[in-house]
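What follows is the residue order along each chain.
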Amino acid sequence: MKSKDKKIVQQEKSKELLALSNQLFATAKQLSEYHADELKGSMAYAISYAQTAAHQDMAQLKALHGAVTAEASKRMEVYQAKVKTILDQMEGKSVDKHLKEARSVLTAWYKNAKKKIPQGAEQLGQVAHNVADAGIRAFKEGRKLINEAAADAAKDLKKTAKKEASKAKKVASKKPALKKVPVNQKVAKKAPAKKASPKTTPRSPKKPT
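Residues numbered from 1 in each chain as written. Predicted model: local features only at pLDDT ≥ 70, side-chain atom pairs only at ≥ 80, totals over all residues. Heavy atoms only, no water.

### A look at the side chain of Glu38
Inference 1: Here Glu38 is to be found in helix H1 (residues 3–54).
Inference 2: In this view, Glu38 contacts Arg75, Tyr79, Ala121 and Leu124; residues no more than four positions away in its chain are not counted. (Helix = DSSP H or I, 4+ residues; strand = E, 2+ residues; numbered from the N terminus. Contact = heavy atoms within 4.5 Å.)

Take a look at the structure:
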């Protein structure tokens, strides 16, 4: 594979992995919220059960249990419908191993929850954790590809700089060398300038006596 093609493949793959990790994190967050709702429901049920049990009202306990079970079943149906929507969105989008892993976890929960309503809510926390783990692994792999691409780009720049320096060196070596003047060559002496002869002042003629 050519270096240019490899870079394109790395870029596309890293984008896909980072987008996938975001999708998985969003899914895990949603599942965590479902699990939190179930925990709140369980706590409320436990408090109501304790208060009713204190009065030893068996009929009221039975009615409470029936009401809580019915509410939990309704919530589970909502969760299942939402998880089914998530699974449909994941279907056929990518063959990435991380997405396959998350889809497998969600599919297993979905099938199991249909058989054990409302007990399927108990596994929501673990499912959210597994999906988040798949998202983390996808993110790390995407970052790794980005770092590799950056390292390759740095190597290419270094190679290009070396080539340019080598070309410049070759061009410089082809230029004609300047002739050097020997150090011991005697410089021609200039002829000394002739001294100007002093002007003689003409004698004035003697006057007759």
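Here the narrative resumes.
### Examining helix H2 (residues 58–90)
Spacing of three or four residues puts side chains on the same side of an α-helix, whose turn is 3.6 residues.
Inference 1: For H2, spanning 33 residues, the distance from its first C-alpha to its last is 47 Å, which sits close to the expected 48 Å at 1.5 Å a residue.
Inference 2: Those residues of H2 lying buried are Leu61, Leu64, Ala72, Ser73, Met76, Tyr79, Gln80, Val83, Ile86, Leu87 and Met90. (Expected span 1.5 Å × (residues − 1). Buried < 20%, exposed > 50% of the residue type's maximum accessible area, 1.4 Å probe, protein only.)

### Examining the environment of Glu71
Inference 1: Along the chain, Glu71 turns up in helix H2.
Inference 2: The partly exposed category is assigned to Glu71, whose relative accessible area is 48%.
Inference 3: In sequence terms Glu71 and Gly41 are 30 residues apart; their C-alpha atoms lie 9.1 Å from each other.

### Considering the packing of helix H3 (residues 97–115) against helix H4 (residues 124–174)
Inference 1: Viewed as axis vectors pointing N to C, H3 and H4 meet at an angle of 175°, and their least axial separation amounts to 9 Å. By the criterion of interaxial angle, the relationship of H3 to H4 is roughly antiparallel. Mapping the contact onto sequence places Lys97, His98, Glu101, Ala102, Val105, Leu106 and Trp109 in H3 and Leu124, Val127, Asn130, Val131, Ala134, Arg137, Ala138 and Glu141 in H4.
Inference 2: Among the residues making up the contact of H3 with H4, the classes are represented as nine nonpolar, two polar and four charged. (Axes fitted to C-alpha atoms, helices over the stretch in contact; angles between N-to-C directions. Parallel < 35°, antiparallel > 145°, perpendicular 65-115°, else oblique. Nonpolar A, V, L, I, M, F, W, Y, C, P; charged D, E, K, R; others polar.)

### Some words on the nonpolar core
Inference 1: By size, the foremost hydrophobic cluster in this structure holds 27 residues, and its most contacted members are Leu24, Leu31, Leu106, Trp109 and Val131.
Inference 2: Taken together, the elements giving at least two residues each to this core come down to H1, H2, H3 and H4. (Core = buried A, V, L, I, M, F, W, Y, C linked by side-chain atoms within 4.5 Å.)

### A few points about the packing of aromatic side chains
Inference 1: Summed over all chains, the structure comprises one aromatic pair.
Inference 2: Relative to Tyr79, the ring of Tyr34 has its centre 4.7 Å away and its plane inclined at 20°; by these criteria the two rings are stacked. Linking Tyr34 in helix H1 with Tyr79 in helix H2, this pair joins segments that are 45 residues apart in sequence.
Inference 3: Judged by its relative accessible area of 5%, Tyr79 falls in the buried class. (Phe/Tyr/Trp six-rings, centres within 6.5 Å; stacked < 30°, edge-to-face > 60°.)

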